[in-house]
Amino acid sequence: MNIVYNFSAGPAMIPKDVLYKAKKELQNWKQLGSSIMEISHRSEEFIQVALEAEQDLRDLLKIPDSFKVLFCQGGARGQFSAVPMNLLNNSKTADYINSGYWSNCAFIEAKKYCIPQSIFIRKTHNKRESLLSMNQWNINKNSAYIHYCPNETIDGLSIYEEPNFENKIIIGDFSSFILSRPINIENYDLIYAGAQKNIGPAGITIIIIREKLIRNPSKISPSILDYQKISEHNSMFNTPPTFSWYLSGLVFKWLKKQGGLKKIEKLNQKKSDLLYKKIDDSDFYINEINVKNRSKMNVVFHLIEPKLNQIFLKKASELGLNYLKGHSIVGGMRASIYNAMPLEGVQSLIKFMSYFENRYG
Ligand SMILES: *Cc1c(COP(=O)(O)O)cnc(C)c1O
C-alpha cells in the first residue's frame, strides 16, 4: 500500500509517532495490565496524565496563571451554548462576528439565550474575497462579549490579527486554529477548541478561560457546561473522555518535541505557501481568497472544470491522497493540512495536482 496522507478536516490526521506510542502501550499501560481506557479517572495514574497534559498545553501556549484550562465534552457546538449561558451575565446581547459557516452557527445557537448581533465581515473586491480588519468591526457598545472564529474550517478563511478592543470580553472558536502558531493568550478572555481538528481525537474540548470570568452561569445551564462546576471539579465533574485526554496529552508532548509552536508555525507557513503557490501558478486550480485571509490549515480550491471533480478525487485516493473533497456548502476541494500533516504529504499532493493538470487540463 502507498503511504496514505489524510487531508480530512476532522476528525483529522494524528501524528504517526503518537499513534505508534498509543498502540505500543494500549493493552498494558504503565505495566498496570489494563489499558488507560479501563482505569478510573480518579486513579493516581490517570490524574498524573491529566496534570501533565495541562502543563504541556500551558507550556506550548504560554498560558498565564490567571487563566484556567478546562477539559470538557460536547465539542465546539457545546460551547456555542456554554458561552452565552456562562458569560451573558444578565446582558441581553452579544456580538457575533460572521466570517463564515461556523461563526454563523455560533450566532444561531446564541439566539436561544439572548438577542445576539451578527456582524458580517466578508467582502468581495475584484472577485477576491477578504475579511474586514478588526478596526472596521462594527462593535455594539452594550454587548456582553465579542465572539469570533479565527479559522473558518469550511470556508478556508482566517483572521491572523489578534484582538485589541478596550473593555470587551473576547471569545474565540479556535477549533481548527489552536496550536497552529503562537498566540498571546492575554489578548483573549476565553478560547475553546474541539480536539478533533488540530489535536487529534474527537471527544474532548479544550477551554482556556480567564479565571475571573468563571462565575455563576444562568440558572438553566446544565451542570456539565457550567465553567464554575467544571473548574471546581478539575474537569472531572462527570466522567471525562479519558482516552481522548490521554491521546491529546501525547500530541502535546509530540508538539514540544517538534520544537514548539514557533517551529510548527514556520512549517505550517511553508506547507501552505507551497500549496497556494501551486494553485496560483495554474489556471486549472482556483482560490479566490485574499492572501491575508487565506487559511494555513484548510486550503480550499476549485477545479476550473467542476466536471473533473469526481475523477480528481478518485485518482487522488488511488495514490493515497485521501479526503480532499470540499464541504458540500462550498464545493470543490479542501486540503486540511493541520500540524500532523508532514511536508511530504503536501509535496505529494502538489505533484499529483501537476500530473492531473497535465493529463486533464
Ligand atoms: C468542527 C468545528 C466546529 C464543530 O465542532 P464539534 O466538535 O463537532 O462541535 C465548530 N467550530 C469550528 C471552527 C470547527 O472547525
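Under the annotation held in an unreviewed UniProt entry, the protein carries the name Phosphoserine aminotransferase and is attributed to Buchnera aphidicola. Check the Subcellular location (unreviewed entry) section of the UniProt entry for the protein; it says "Cytoplasm". Its UniProt record gives the protein the following Sequence similarities (unreviewed entry) comment, quoted word for word: "Belongs to the class-V pyridoxal-phosphate-dependent aminotransferase family. SerC subfamily."

Moving on, we get to empty space enclosed by the protein. Evaluation of the coordinates by the stated rule reveals four cavities of 30 Å³ or more. In this structure, the largest cavity spans a volume of roughly 120 Å³. Taken together, Phe 71, Cys 72, Gln 73, Ser 223, Ile 224, Ile 230, Ser 235, Met 236, Phe 237, Asn 238, Pro 240 and Pro 241 form the lining of the largest cavity. Within the lining of the largest cavity, the residues separate by chemical class into eight nonpolar, four polar and no charged. Here the second largest cavity defines a volume of roughly 70 Å³. Asn 151, Ser 158, Tyr 160, Phe 177, Ser 180, Arg 181, Glu 265, Asn 268, Gln 269, Ser 295, Lys 296 and Met 297 together form the lining of the second largest cavity. Take the lining of the second largest cavity: its biggest share by element is three residues, from helix H7 (residues 260-280). Split into classes, the residues belonging to the lining of the second largest cavity amount to three nonpolar, six polar and three charged. Each of domain 1 (17-257) and domain 2 (260-360) gives at least three residues to the lining of the second largest cavity.

The next point concerns the layout of surface pockets. Within this model, the largest pocket holds a volume of roughly 290 Å³. Lining of the largest pocket is provided by 17 residues; of these, Leu 51, Glu 54, Asn 234, Ser 235 and Trp 245 occupy positions nearest its centre. Of all the secondary structure elements, the ones that give two or more residues to the lining of the largest pocket are helix H2 (44-61) and strand S2 (67-72). With six residues, H2 is the single largest residue contributor to the lining of the largest pocket. Split into classes, the residues belonging to the lining of the largest pocket amount to eight nonpolar, five polar and four charged.

In this section: the sheet that holds strand S16 (residues 333-336). Within a sheet, adjacent strands bond to each other through the backbone by hydrogen bonds, running parallel or antiparallel. Taken in spatial order, the three strands make up an open sheet running S13-S14-S16, and their pairing is antiparallel. If you trace the sheet from one side to the other, it starts and ends with strand S13 (285-286) and S16, each paired once. As paired strands, strand S14 (residues 298-303) and S16 are joined by four bridges and run antiparallel to one another. When the bridges of S16 are listed, Val 300 appears paired with Arg 334. Along the sheet face, H7 touches S13, S14 and S16 and points at about 15° away from the line of S14.

A separate point is the domain arrangement of the protein. According to the domain assignment, the protein contains domain 1 (17-257) and domain 2 (260-360). With 26 residues of domain 1 at the contact, the number on the domain 2 side is 26 residues. Both faces considered, domain 1 and domain 2 share a buried interface measuring about 2,400 Å² in area, 52% of it formed by carbon and sulfur atoms. For the domain 1 face of the interface with domain 2, the top three residues by lost area are Arg 128, Ile 154 and Tyr 160, together amounting to 23%. At the boundary of domain 1 and domain 2, one finds two salt bridges. Taking the shortest distance from any N to any O, the salt bridge between Glu 288 and Lys 127 comes out at 3.9 Å. Here domain 1 and domain 2 share 17 residue pairs in polar contact (both at pLDDT 80 or more) between them. Every element with two or more residues in the side of domain 1 that touches domain 2 is listed here: H2, strand S6 (128-131), strand S9 (157-158) and helix H6 (242-257). The dominant element in the side of domain 1 that touches domain 2, judged by the number of residues it contributes, is S6, at four residues. Residue composition of the side of domain 1 that touches domain 2, by class: 11 nonpolar, eight polar and seven charged.

Omega for the peptide link from Gly 10 to Pro 11 comes to -10°, which places this bond in the cis form. You can see Pro 11 is positioned in the loop between strand S1 (5-6) and helix H1 (16-24). In this model, Leu 179 sits at a positive phi of 70°, which is unusual for a non-glycine residue. Summarising the element assignment, Leu 179 is placed in the loop between strand S10 (170-173) and strand S11 (190-194). Given the relative accessible area of 1%, Leu 179 is considered buried. A positive phi angle, close to 50°, is found at Asn 234, a residue other than glycine. Following the sequence through the fold, Asn 234 ends up in the loop between helix H5 (227-232) and H6. A relative accessible area of 57% places Asn 234 in the exposed class.

Definitions and limits used
The residue numbering used here restarts from 1 in each chain and proceeds along that chain's sequence as written. It should be noted that, the model being predicted, local features are given only for residues of pLDDT at least 70 and side-chain atom pairs only at 80 or more, the latter also being counted only at that level, while totals for whole chains, interfaces and linings use all residues. The basis for every side-chain value is the complete set of non-hydrogen atoms in the structure, without hydrogens or water. UniProt positions are given in the numbering used here, feature names are shortened, and annotations may be inferred rather than shown by experiment. Within this scheme a cavity is a closed region of a 1 Å grid, computed over the protein atoms alone, that accommodates a 1.4 Å probe without allowing it to escape, whereas a pocket is open but has protein on both sides within 12 Å along at least five of seven lines; lining residues each have an atom within 4 Å of a point. Grid points are joined across faces, edges and corners, and a volume is the space filled by probe spheres set on the points. All amino acids are sorted into three groups, where Ala, Val, Leu, Ile, Met, Phe, Trp, Tyr, Cys and Pro are nonpolar, Asp, Glu, Lys and Arg are charged, and the leftover types, Gly among them, are polar. Helix numbering and strand numbering both begin at the N terminus, where a helix is a DSSP run of H or I of at least 4 residues and a strand a DSSP run of E of at least 2. Domain borders in the structure are assigned automatically or taken from a domain database. Pairing between strands requires that DSSP locate at least two bridges from one strand to the other. Any two residues whose heavy atoms approach within 4.5 Å at even a single point are treated as in contact. Note on geometry: axes are lines fitted to C-alpha atoms, helical ones only across the stretch in contact, with angles between N-to-C directions running from 0 to 180 degrees. When two components associate, each loses some accessible surface as probed by a 1.4 Å sphere; the sum of these losses over both components is called the buried area. By definition, a salt bridge exists where a carboxyl oxygen of Asp or Glu is found within 4 Å of a side-chain nitrogen of Lys or Arg. In protein, a polar contact requires one atom able to donate a hydrogen and another able to accept it; more generally it is a pair of N or O atoms within 3.5 Å, and residues adjacent in sequence count only if both atoms are side-chain atoms. Relative accessibility under 20% of the residue-type maximum defines a buried residue, over 50% an exposed one, and the middle range a partly exposed one, all with a 1.4 Å probe and only protein chains included.

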